[in-house]
Amino acid sequence: MTYTNAEKMILAAPHISSPDAAKKLCAAIDSPEKRTRVIKVMGESGKSSTVILLSAAVSAAGYRVGRLTTPFIHSVRESVCVDEKPISIDLFTDSAEKVKNAIAEVKKEDADFSPSAQDMLIAIALLAFDACNCDFAIIETDTAAYSAIDAPLLTIITTINDQKAAREICARLDRQTGETVTAMQSREIYKIIFDKCAEINCRLSMPLRNAFIFMSASLKRIEFTYQTKLYSIGTGAYYQIYNMLTVIEAAEALSRLGFRISNVDICSAVLGQGIPLRFEMLSVMPTIIVDRADSENRRRRLIETLKMQSSFISKNPTVICEGGRRRISEEFALMGRDAKVTEIAEKGARKILRELISTLGENDTVIISGTSEYCEQISKITKEILM
């Protein structure tokens, strides 16, 4: 199997799998999840950032870490990393071929067997992590694929926005679940998680609001204290603090389980850690920011961040987006900014961006907002123009 064929196999897979497909697939490849310590991350917002930050912290403590994040931007392989780097093409294709063969074997017994793209990625990642003798496997998973791995060492629940999603996620927790760490949640969401953990006798931890003190923020760094210890994040996105607090609690949980991860490990690892498409600075003078804000919740977090950075943002920022001009204008008006919203399609964007950037002064602000794919493309063109 070539790498191209492996990618095609995953991209052609359905988004929704047949019942217990992930679990059946893992069993068919000899259950590699049983040979490593698995940390599962699920929720609605902040999963990828939490996986990336925790992986960096655990790696800094001297452990070998495999991590799986979704979705990918450039290639499927970038989702599967060991020691903070994508696995080799050879390892990816070898693992993918084993998964392909396993699917064929299961289908002989179950004609309706239909694993999703994420089921396949989880299986490929687990095989790769097993081959690399990883100490930990940190896996981002959706609700359906959660059942692929029994008895995880640790389960992390990131931000959840509604009670229905909370109940669906908690339904996947069972008595084999080890410790659970949740991000800060609303009172109603926390009660759902708390009641489920009490039912299955699972220890639950959550960041303490009164132990957090915001210190300072710039467009490239945020500093805060938590339980009297100072932390810095190499991003200007204020909402990443919530993911960072979850990572700190997860590190403390791992320490309780006998895997020491210190405050120094966390700080040294995450300060320069890149968080993909989360408040990336393209230019300082003029200020050009790209942030994936393709939903109401993400735009709300973007506005929250810009409020914290108000001294760096001009009074009349230009927002480049795919659509939704009225809504974005209204949201910026709430923070006292009269935003000029410009819809730019990817086709023909270079000419429009070149003209726009040529008119900017040192104190002007441009914010690029949209889907991952849109931000990636517009950001690439902008960087080329700035060179």
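## What to know about the nonpolar core
In globular proteins that are soluble, nonpolar side chains generally tend to be buried together. I10, V80, F92, V99 and I139 are the most contacted members of the largest nonpolar core, which has 39 residues in total. Of all the secondary structure elements, the ones that give two or more residues to this core are α1 (3–11), α2 (21–28), β3 (80–82), α4 (89–109), α5 (117–131) and β5 (136–140). Residue contributions to this core peak at 11 residues, all from α5. For V99, the contacting residues outside a window of four places in its chain are L25, I29, M120, A123, I124 and L127. Residues I138, F212, I233 and I266 belong to the second largest nonpolar core, which totals 33 residues.

## Let's talk about empty space enclosed by the protein
Counted according to the given criterion, the structure contains 2 cavities of 30 Å³ or more. Every element with two or more residues in the lining of the second largest cavity is listed here: α12 (349–358) and β16 (365–370). Its residues assigned to classes, the lining of the second largest cavity shows 8 nonpolar, 1 polar and no charged.

## Some points on the sheet that holds strand β12 (residues 280–283)
Pairing is mixed across the open sheet formed by 5 strands, whose spatial order is β12-β13-β16-β14-β15. Two strands in the sheet have a free side with no partner beyond their single neighbour: β12 and β15 (340–343). Geometrically, the sheet is characterised by an average inter-axis angle of 25° between neighbouring strands, direction not taken into account.

## Remarks on the packing of α2 against α5
One way to put it is that α2 packs onto α5 with a least axis distance of 9 Å and a crossing angle of 30°. For the element pair α2 / α5, the angle class is roughly parallel. The way α2 lies across α5 gives a crossing that is right-handed. Within the contact between the two elements, α2 uses A21, A22, L25 and C26 and α5 uses D119, M120, A123 and L126. Residues that form the contact of α2 with α5 fall into these classes: 7 nonpolar, no polar and 1 charged.

## What about the sheet that holds strand β1 (residues 37–42)?
Reading across the sheet, the 8 strands line up as β4-β3-β2-β5-β1-β6-β7-β8 and stay open at both edges, with mixed pairing between neighbours. A strand with exactly one partner marks an edge of an open sheet, and here the two such strands are β4 (85–86) and β8 (204–205). Here strand β2 (residues 65–68) pairs with β5 via 4 bridges, running parallel. Bridging across to β5, G66 finds its partner in A137.

## Concerning the pattern of salt bridges
Under the counting rule described, the total for this entry stands at 11 salt bridges. Two residues, D83 and R64, come together in a salt bridge whose shortest N-O distance is 2.9 Å. Note that D83 is positioned in the loop between β3 and β4 and R64 in the loop between α3 (47–60) and β2, a separation of 19 residues in sequence. We classify R64 as partly exposed; its relative accessible area is 34%. A salt bridge links K108 to E105; its shortest N-O distance comes to 3.1 Å. Linking K108 with E105, this pair stays in helix α4, spanning 3 residues, or about one helical turn. For K108, a relative accessible area of 61% corresponds to the exposed category. Taken together, the shared-partner salt bridges in this structure form one network comprising D30, R35 and D130.

## A word on unusual backbone geometry
At E84, a residue that is not glycine, the phi angle is positive and equals roughly 70°. Position of E84 among the secondary structure elements: in the loop between β3 and β4.

## Regarding a nonpolar patch on the surface
Taken together, I213, M215 and L230 make up a surface patch of nonpolar side chains, about 290 Å² in accessible area. For L230, the location among the structural elements is in strand β11 (residues 229–233). Here L230 falls in the partly exposed class, since its relative accessible area comes to 45%.

## Focus: the packing of α3 against helix α8 (residues 240–256)
Two numbers describe how α3 lies on α8: the axes approach to 9 Å, and their chain directions differ by 45°. As summarised for this structure, α3 and α8 are arranged oblique, according to the angle between their axes. Of the two elements, α3 crosses α8, and the hand of that crossing is right-handed. Within the contact between the two elements, α3 uses S49, T50, L53, L54 and V58 and α8 uses Q240, N243, M244, V247, A250 and L254. For the contact of α3 with α8, the per-class residue count stands at 7 nonpolar, 4 polar and no charged.

About the criteria used
Residues numbered from 1 in each chain as written. Predicted model: local features only at pLDDT ≥ 70, side-chain atom pairs only at ≥ 80, totals over all residues. Heavy atoms only, no water. Core = buried A, V, L, I, M, F, W, Y, C linked by side-chain atoms within 4.5 Å. Buried < 20%, exposed > 50% of the residue type's maximum accessible area, 1.4 Å probe, protein only. Helix = DSSP H or I, 4+ residues; strand = E, 2+ residues; numbered from the N terminus. Contact = heavy atoms within 4.5 Å. 1 Å grid on protein atoms, 1.4 Å probe; cavity = no way out; pocket = protein on both sides within 12 Å on 5 of 7 lines; lining within 4 Å. Points joined across faces, edges and corners; volume = space filled by probe spheres on them. Nonpolar A, V, L, I, M, F, W, Y, C, P; charged D, E, K, R; others polar. Pairing = 2+ DSSP bridges. Axes fitted to C-alpha atoms, helices over the stretch in contact; angles between N-to-C directions. Parallel < 35°, antiparallel > 145°, perpendicular 65-115°, else oblique. Left-handed = near helix turned anticlockwise from the far one by under 90°. Salt bridge = Lys/Arg side-chain N within 4 Å of Asp/Glu carboxyl O. Patch = residues over 30% accessible without salt bridge, like charges linked within 9 Å, V, L, I, M, F, W, Y side chains within 5 Å. Areas by Shrake-Rupley, 256 points an atom, 1.4 Å probe, with all protein chains shown as cover.

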